[in-house]
Amino acid sequence: MNSKINIRVASEEDAEELLEIYAPYVKNTAITFEYEVPTVEEFKKRINSILIRYPYLIAENDGEIVGYAYANMFHERKAYDWAVETSIYVKKK
């Protein structure tokens with residue numbers, strides 16, 4: 001099978017599909033540190049907020065979003081300016 005993987009920058013228009021990938025991690029694991037699945041509107045705000053300073057990337061396989069990754073501030077203090085936290089989520093089959 002020849003599949004085509006594409007990496008692109010996320011936008012708020014991707015929020016609903018990304019939230020579908022993220023929700024099972026919130027509901028079924030402890031890794032997100034969240035108890036409730038965020039709304040689509042909250043997810044859009046998160047994407048836009050992160051994109052101001054950091055990358056927010058989507059992986060597509062033949063046009064289908066199969067995962068995403070982003071970097072974000074590790075801590076707000078100035079000493080952490082060059083330290084980031086990375087998150088990667090992959091669509092469950």
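Criteria and thresholds
Residues numbered from 1 in each chain as written. Predicted model: local features only at pLDDT ≥ 70, side-chain atom pairs only at ≥ 80, totals over all residues. Heavy atoms only, no water. 1 Å grid on protein atoms, 1.4 Å probe; cavity = no way out; pocket = protein on both sides within 12 Å on 5 of 7 lines; lining within 4 Å. Points joined across faces, edges and corners; volume = space filled by probe spheres on them. Helix = DSSP H or I, 4+ residues; strand = E, 2+ residues; numbered from the N terminus. Nonpolar A, V, L, I, M, F, W, Y, C, P; charged D, E, K, R; others polar. Buried < 20%, exposed > 50% of the residue type's maximum accessible area, 1.4 Å probe, protein only. Contact = heavy atoms within 4.5 Å. Expected span 1.5 Å × (residues − 1). Bend = angle between axes of the 7 residues up to and from the residue. Phe/Tyr/Trp six-rings, centres within 6.5 Å; stacked < 30°, edge-to-face > 60°. Lys NZ or Arg CZ within 6 Å of the ring centre and 35° of its normal.

Caption draft 1: Molecular detail of the layout of surface pockets. Looking at the largest pocket, its volume works out to about 460 Å³. Mapped by element, the contributors of at least two residues to the lining of the largest pocket are α2 (40–51), β3 (64–73) and β4 (84–90). Split by residue class, the lining of the largest pocket holds 12 nonpolar, 4 polar and 4 charged.

Caption draft 2: Structural detail: the side chain of Ser87. Structurally, Ser87 can be placed in strand β4. Of the residues examined, Ser87 reaches a relative accessible area of 14% and is grouped as buried. Ignoring anything within four residues of it in the chain, the contact list for Ser87 reads Tyr68, Ala69 and Tyr70.

Caption draft 3: How the structure looks around helix α1 (residues 15–28). Here α1 contains 14 residues, and its C-alpha end-to-end distance of 20 Å stays within 8% of the 20 Å for a straight helix at 1.5 Å per residue. Its maximal kink placed at Ile21, α1 deviates by approximately 35°, while the proline Pro24 follows within four residues. All of the buried residues along α1 are Ala15, Leu18, Leu19, Ile21, Tyr22, Ala23, Tyr25 and Val26. The secondary structure elements touched by the buried residues of α1 are α2, β2 (56–61), β3 and β4.

Caption draft 4: Broad picture of the packing of aromatic side chains. Within the structure shown, the criterion is met by 9 aromatic pairs. When the centroid spacing of 4.9 Å and the interplanar angle of 20° are considered together, the rings of Tyr56 and Tyr70 count as stacked. One end of the pair, Tyr56, is in strand β2; the other, Tyr70, is in strand β3, and 14 residues separate them in sequence. Residue classification places Tyr56 among the buried positions, given a relative accessible area of 2%. With a relative accessible area of 18%, Tyr70 lands in the buried category. On the basis of an interplanar angle of 10° and a centroid distance of 6.4 Å, the ring pair of Tyr68 and Tyr70 is categorised as stacked. Members of the aromatic cluster, joined through ring pairs, are Tyr22, Tyr25, Phe43, Tyr56, Tyr68, Tyr70 and Tyr89. Above the face of the Tyr25 ring, Lys92 is positioned so that its terminal group lies 5.1 Å from the ring centre.

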